[in-house]
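Chain residues, written in single-letter form:
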Amino acid sequence: MKALWRRPEACIGLILVLGAVLMALLAPWIAPYDPLAIDLARKLMPPSAAHWMGTDQNGRDILSRIIWGARPSLTVGVLAVTIGVLGGVAIGLSAGYVRGLWEQAAMRTVDGLASIPMLIWAIAVVGIVGVGPLPIGPWTLPNESKIILLVGILYIPPLARVTYGGALVESNADYVRARRMQGASRLAIMFGDVLPNCLSPVIVQATLLIAVGIVVEASLSFVGLGVEPPNPSWGGMLSDARKYIFSGEWWTYVFPGLAISLSVIGFNLLGDALREFLDPRRAAGISVVA
Amino acid sequence: MALLEIDDLHIGYPTDNGVVELVRGLSFSVEAGEAVGLVGESGSGKSQTALAILQLLRPPVRILKGAIRFDGRDLATADERTLRQLRGSAISMVFQDALSGLNPAFNIGRQLTDVIMAHRRSSRADALKIAVEALGMVGIREPESRLRQYPHQFSGGMRQRVLIAMAIACRPKLLIADEPTTALDVTVQAQIVELLAGLRERLSLALLFITHNLDLMSQVCGRAVVLYGGMLMEEAPVAALFASPRQPYTRALLRCVPRLSDAPGAINSIEGAPPVAGRLGPGCPFVPRCALQVAQCVERPPERVDASRRVACWRAEG
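About the cut-offs
Residues numbered from 1 in each chain as written. Chains lettered and ligands numbered in written order. Predicted model: local features only at pLDDT ≥ 70, side-chain atom pairs only at ≥ 80, totals over all residues. Helix = DSSP H or I, 4+ residues; strand = E, 2+ residues; numbered from the N terminus. Rg over C-alpha atoms; globule rule 2.2 N^0.38 Å. Buried ≥ 20, exposed ≤ 12 C-beta atoms within 10 Å, placed from the backbone. Contact = placed C-beta atoms within 7 Å. Pairing = 2+ DSSP bridges. Axes fitted to C-alpha atoms, helices over the stretch in contact; angles between N-to-C directions. Domains from an automatic or database assignment. Nonpolar A, V, L, I, M, F, W, Y, C, P; charged D, E, K, R; others polar. Parallel < 35°, antiparallel > 145°, perpendicular 65-115°, else oblique. Left-handed = near helix turned anticlockwise from the far one by under 90°. Expected span 1.5 Å × (residues − 1). Bend = angle between axes of the 7 residues up to and from the residue. pLDDT = per-residue confidence, 0-100. Core = buried A, V, L, I, M, F, W, Y, C linked by C-beta atoms within 7 Å.

Colleague: Would you mind going over the overall build of chain B with me for this structure?
Modeller: Scanning chain B for helices and strands turns up 10 helices and 12 strands. Taken against the 2.2 N^0.38 rule, which gives 20 Å for 318 residues, the C-alpha radius of gyration of chain B at 20 Å falls within 12% of a compact globule. Over its C-alpha atoms, taken along the principal directions, chain B stretches across nearly 65 × 50 × 40 Å. Residue burial in chain B is summarised as follows: out of 318 residues, 45% are buried. A sequence separation of at least 24 residues applies to 65% of the contacts in chain B between residues at least 6 apart.

Here's what the structure looks like:
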């Protein structure tokens, strides 16, 4: 694992990701102000010792709102990827190992899903069912869960394909034959032997998809279909700051924009570093040099 | 009653133009504790026979006809649960590609104990003891520390030893070794063959040694079954087979074994091309390459039994 952190871009990625995660986890303790507290007497103040990132049009502390805004972004990113990984791995692994009719049905369905553009699909569905909590039988689905579900479903295709590719190769490996000769059941081989050998690219893909989820959440909040105001979100803050682009209050849009960019860059760098670390061909090359 | 009895085994797969038969009416048996060599060139059906014993033929290839009895039990009609219990415990198999026969994701201790625990109700600690013992038996030094290592930390010969350890850990009655040395270099081949011969004696297991290498076979086995084109050509004690082969194919095959006394560069081969499954008539598959052929050879040759030998040839002297 040490070789991974010797690379500078991997360290930067990890620091950025850790920063975003810590903001989200520790928001109640590290945010200096209440992110919802309106103080119209102190609106649109530039960065100062009291407000490091200034205040917005309602006098709310931008730093506090950015810290709290990490929550919806990361929640959507991480939970959507969780859905995508569970669904994608289950479909890809079984299709690649079982083959036959199930393989065709599952992978063609996945191809169909992959043809849906993420943002348009999310905007369309949220636009139709509305941004309010959605009651489904005894449960009510808050808007964020809807977005998580929508994004998560569209995460299934890339993760299913990556798993499927690995499962196809690994299912024909000699150790799978050997395990059959040793009396292992097909189910045990699928989960116990094939799955662990297909996981590396899935981990990489999942890390990169978290970044996509952050962008999708920000975009939806920007057009008003994500986190409902006045609750803080990075996309919503950018949306509020549109009015001030030409009037000089740069802190209203620079800081939320940076929050989005840096967290996305962080996950991308981390994903790339993991890819280099986990890719066996790369790994072989490194060991020859070392 | 023999430990393993194969009776009129036909293996094949259906195509649009009818069934292609890879193994055509093969019968032989292996006694408990006996080492039998199954010899033949590529495509003679020897590996398919091994897979058929474990009921692990890859569809669409399947058993068309015949019986495989192990310990008196018909394996062709056994259910999957019974078969899983037999595989790896009563019947084990070691095969050719030792280099990739181990899962790269787990250390070998985990893989050994998985096999042991699948067949014996034992704790992981007990399984580890059995694993250490098995590794010791196949001649791996410092087995305790080797258990924590991963497959890529082992050489090809060592990996084959680990696979053999996995195969014998549950004390099988029958070990099928399908070209276990093909992927290894010659010096290691000899070690592995020696190891198999030693294990057979120590654990009194029956060994079905599948190979195209007559030399290696003669070092381990007491009896040999020669296959060609999916049919039995000759069966005889190894010494008798080498001394006086009776079937034309066996004779041609033995002439191909290189000897030190041969002139440099001289390598004998059998004239003609090996048979193609599916394009064979009912007669002897060796006919197109046989110098002794007669008109009768287009009919299936009878297997002539003579004391400890069986020969399938119209011309074989009785």
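Colleague: Please clarify how the overall build of chain A should be interpreted in this entry.
Modeller: Looking only at helices and strands, one finds 11 helices and 2 strands in chain A. Starting at the N terminus, the α and β elements of chain A follow one another as α-α-α-α-α-β-β-α-α-α-α-α-α. Across its three principal axes, chain A shows a C-alpha extent of roughly 80 × 55 × 30 Å. In chain A, the proportion of contacts linking residues at least 24 apart, taken out of those at least 6 apart, comes to 72%.

Colleague: Looking at this structure, how should I read the sheet that holds strand β9 (residues 223-228) of chain B?
Modeller: For sheets, the rule is that strands pair by backbone hydrogen bonds, running either parallel or antiparallel. All names here are of chain B. The strand order across the open sheet formed by 8 strands is β6-β7-β8-β3-β9-β10-β12-β11, and the pairing between neighbours is mixed. Two strands close off the open sheet at either side, each with one partner strand: β6 (91-94) and β11 (303-306). Adjacent strand axes in the sheet meet at a mean angle of 20°, parallel and antiparallel pairs treated alike. Where strand β3 (residues 35-39) lies against strand β8 (residues 206-211), 5 bridges are found, and the strand directions are parallel. In the strand pairing of β8, Leu38 is matched with Ile210.

Colleague: Would you explain the domain arrangement of chain B in this entry?
Modeller: It is common to give the size of an interface as the accessible area lost on bringing the parts into contact. Residues and elements named next belong to chain B. Considered domain by domain, chain B is made up of domain 1 (4-228) and domain 2 (245-259 + 282-318). Summarising the inter-unit geometry, the C-alpha centres of domain 1 and domain 2 are found 29 Å apart. Taken together, the 4 residues of domain 1 in the interface contact 6 residues of domain 2. Those elements giving two or more residues to the side of domain 1 that touches domain 2 turn out to be α8 (214-220) and β9. Of the residues belonging to the side of domain 1 that touches domain 2, the class tally is 3 nonpolar, no polar and 1 charged.

Colleague: Explain the interface of chain A and chain B to me, please; I cannot follow it from the model alone.
Modeller: At the interface, 13 residues of chain A touch 20 residues of chain B. Secondary structure elements with two or more residues in the side of chain A that touches chain B: α7 (174-181) and α8 (186-222) of chain A. Considering every element that reaches the side of chain A that touches chain B, the biggest residue donor is α7(A), with 5 residues. Looking at side-chain class alone, the side of chain A that touches chain B contains 6 nonpolar, 4 polar and 3 charged residues.

Colleague: It is not clear to me how the pairing of β11(B) should be interpreted in this structure. Could you clarify?
Modeller: If a strand is regular, its side chains alternate between the two faces of the sheet. Residue and element names in this part refer to chain B. The sheet contact formed by β11 and strand β12 (residues 309-312) spans 4 bridges and is antiparallel. Within the sheet, the bridge partner assigned to Arg304 lies in β12 and is Val311. Here β11 folds back onto β12 in antiparallel fashion, the turn holding 2 residues, of which Ala307 has a positive phi close to 50°.

Colleague: Explain the packing of helix α3 (residues 108-119) of chain B against helix α6 (residues 156-168) of chain B to me, please; I cannot follow it from the model alone.
Modeller: Helices that pack against each other are described as a pair by the angle of their axes relative to one another and the distance between those axes. Residues and elements named next belong to chain B. Where α3 contacts α6, the axes come no closer than 9 Å and their chain directions differ by 25°. Between α3 and α6, the interaxial angle falls into the category roughly parallel. The two elements α3 and α6 meet at a crossing, and its hand is right-handed. Only Val162, Ala165 and Met166 of α6 make contact with α3, whose side of the interface consists of Ile108, Gln111, Leu112 and Val115. Taken together, the residues that form the contact of α3 with α6 break down as 6 nonpolar, 1 polar and no charged.

Colleague: Before we go on, may I ask you to explain the sheet that holds strand β1 (residues 4-15) of chain B in this structure?
Modeller: All names here are of chain B. The 4 strands are arranged β2-β1-β4-β5 in an open sheet whose pairing can be described as antiparallel. On the outer flanks of this sheet lie β2 (18-30) and β5 (73-74), each paired with one strand and no other. Pairing between strand β4 (residues 62-70) and β5: 2 bridges, direction antiparallel. What sits directly across from Arg69, in β5, is Asp74.

Colleague: I would appreciate a short explanation of the pairing of β2(B) in the present structure.
Modeller: Residues and elements named next belong to chain B. Across 10 bridges, β1 lies against β2 in antiparallel orientation. Opposite Tyr13, over in β2, you have Val20 as the bridge partner. Taking the residues that link successive antiparallel strands as the turn, the β1-β2 hairpin has 2 residues.

Colleague: Would you take a moment to explain helix α6 (residues 143-171) of chain A for this structure?
Modeller: Side chains three or four residues apart in an α-helix point the same way, a direct result of the helix having 3.6 residues per turn. All names here are of chain A. Taking 1.5 Å per residue, 29 residues should reach 42 Å; α6 reaches 41 Å between its end C-alpha atoms and fits that length. Along its length, α6 shows its largest kink, about 30°, at Ile156, and proline Pro157 lies within four residues downstream of that point. Counting buried positions over the 29 residues of α6 gives 23, a clear majority of the element.

Colleague: Even after reading the chapter, I still don't get unusual backbone geometry, so can you show me in this structure?
Modeller: Across the chain, the bulk of peptide bonds are trans and the bulk of non-glycine residues have phi less than zero. Put simply, A:Pro229 and A:Pro230 share a cis peptide bond, and its omega is 10°. With respect to the element layout, A:Pro230 can be found in the loop between α8 and α9 (234-241). Residue B:Pro60 is reached from B:Pro59 by a cis peptide bond, and omega for that bond is 5°. On the secondary structure map, B:Pro60 appears in the loop between α1 (46-53) and β4. Phi at B:Glu179 is positive, roughly 45°, even though this residue is not glycine. Examined against the element boundaries, B:Glu179 turns out to sit in the loop between β7 (174-178) and α7 (186-203).

Colleague: In this structure, what is going on with the packing of helix α5 (residues 118-129) of chain A against α8(A)? I would like to understand it.
Modeller: Residues and elements named next belong to chain A. One way to put it is that α5 packs onto α8 with a least axis distance of 11 Å and a crossing angle of 45°. The angle between α5 and α8 places the two elements in the oblique class. In terms of crossing hand, the pair formed by α5 and α8 is right-handed. Taking contact as the criterion, the partners of Met118, Leu119, Ala122 and Val126 in α5 are, on α8, Val216, Ser219 and Leu220. Along the lines of polarity and charge, the residues of the contact of α5 with α8 split into 6 nonpolar, 1 polar and no charged.

Colleague: How should the confidence of the model for chain A be read in this particular structure?
Modeller: Low pLDDT marks regions whose predicted coordinates should not be analysed in detail. Summing up the model confidence of chain A, the mean pLDDT is 88 and the portion of residues at 70 or higher is 94%. The model gives residues 282-290 of chain A a pLDDT under 50, and that stretch makes 2 contacts with residues more than four places away or in other chains.

Colleague: What's the story with the environment of A:Leu225 in this structure? I'm lost.
Modeller: Residues and elements named next belong to chain A. Along the polypeptide, Leu225 turns up in the loop between α8 and α9. Of the residues examined, Leu225 has 21 C-beta atoms within 10 Å and is grouped as buried. Between the alpha carbons of Leu225 and Val204 there is a distance of 29 Å; along the sequence they are 21 residues apart. If we skip the residues at most four places from it in the chain, Leu225 touches Ile123, Val126, Gly127, Val131 and Leu220.

Colleague: Help me understand the nonpolar core in this model?
Modeller: Counting 163 residues, the largest nonpolar core has A:Val151, B:Ala165, B:Ala169, B:Leu174, B:Leu207 and B:Phe209 as its most contacted members. Built from parts of two domains, this core gets at least three residues from each of domain 1 (4-228) and domain 2 (245-259 + 282-318) of chain B.

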